[in-house]
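Here's the letter readout for the chains.
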Amino acid sequence: GIRAMAEEAMFRRTPRLAAGFSLLQRVPTDRLRLTLRRILTKLHCKSEPAFSDSENAQLCAAFDLEATDLDLLLRISSFIFEQALSLNATPKELAEGLCEAGMHAEQADVFSGCWSESSAAVIARLRERAALAPQQLGAIDWQLQCASASDAGVRGAQPRALLQLSLERPTPQGQNTQSFLHMQLDQTQMQELLKQLDRIQAQMDTLM
């Protein structure tokens, strides 16, 4: 992909990023390559960590790192690939961006090599996840509206509930797209909706 970033760097130099780069330099390149490959297999599913607790303990021993340092190393590595994904960066662009941010060329080459191997598979998994994932309810906004019924010869007002449902769906970039569903319900329709929701809740309770 072509990066339209002549003025803005791919990675902003921060103390946290610099600390992560320093930790990465302490890991032998062959072990770093294996670690990055595992991270890439889990990049499409942020709810699942790349390594189990026991594997993290083994990595701490193998890399001679404290748990907090290993956590930073893994987070920085994931962030690097997420940034490459969001910018549609080529392996060459990723290596250049990392070097510009202060990473040594040896480690930058490992990242770009792993990205070259796995980027197509990562994008395919993200697209599959986005296609299969149902929309999720993000938020509900509502307000009451009282419409006059005097024109029908009935005194008083007819209350209606105006609902706005915010729906979210994952995208291949790991973010969410948002859409809105608007509903207008009178009292009878609202009561029927609540009855249906009560039935759903009762069935869910039986499965708990």
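Note that this is a predicted model, so its numbers are computed, not measured.

(A) Molecular detail of the pattern of salt bridges. For the structure on display, the rule yields four salt bridges. Two residues, Arg-38 and Glu-55, come together in a salt bridge whose shortest N-O distance is 3.1 Å. Here Glu-55 lies in helix α3 (residues 53-63) and Arg-38 lies in helix α2 (residues 29-41), a separation of 17 residues in the sequence.

(B) Looking closely at the packing of aromatic side chains. Counted according to the given criterion, the structure contains three aromatic pairs. Centroid distance Phe-11 to Phe-79: 6.0 Å. Interplanar angle 70°. Geometry classified as edge-to-face. One end of the pair, Phe-11, is in the segment before α1 (15-25); the other, Phe-79, is in helix α4 (residues 67-86), and 68 residues separate them in sequence. Assessed through its relative accessible area of 34%, Phe-79 is described here as partly exposed.

(C) Here's a closer look at α2. Here α2 contains 13 residues, and its C-alpha end-to-end distance of 19 Å stays within 8% of the 18 Å for a straight helix at 1.5 Å per residue. For α2, every residue scored as buried is listed here: Leu-32, Thr-35, Leu-36, Ile-39 and Leu-40. In a view along the axis of α2, the buried residues occupy a sector of 140°, so they form one face of it.

Parameters and conventions
Residues numbered from 1 in each chain as written. Predicted model: local features only at pLDDT ≥ 70, side-chain atom pairs only at ≥ 80, totals over all residues. Heavy atoms only, no water. Salt bridge = Lys/Arg side-chain N within 4 Å of Asp/Glu carboxyl O. Helix = DSSP H or I, 4+ residues; strand = E, 2+ residues; numbered from the N terminus. Phe/Tyr/Trp six-rings, centres within 6.5 Å; stacked < 30°, edge-to-face > 60°. Buried < 20%, exposed > 50% of the residue type's maximum accessible area, 1.4 Å probe, protein only. Expected span 1.5 Å × (residues − 1). Arc of directions from axis to C-beta.

The values are spatial; any link to function lies outside them.
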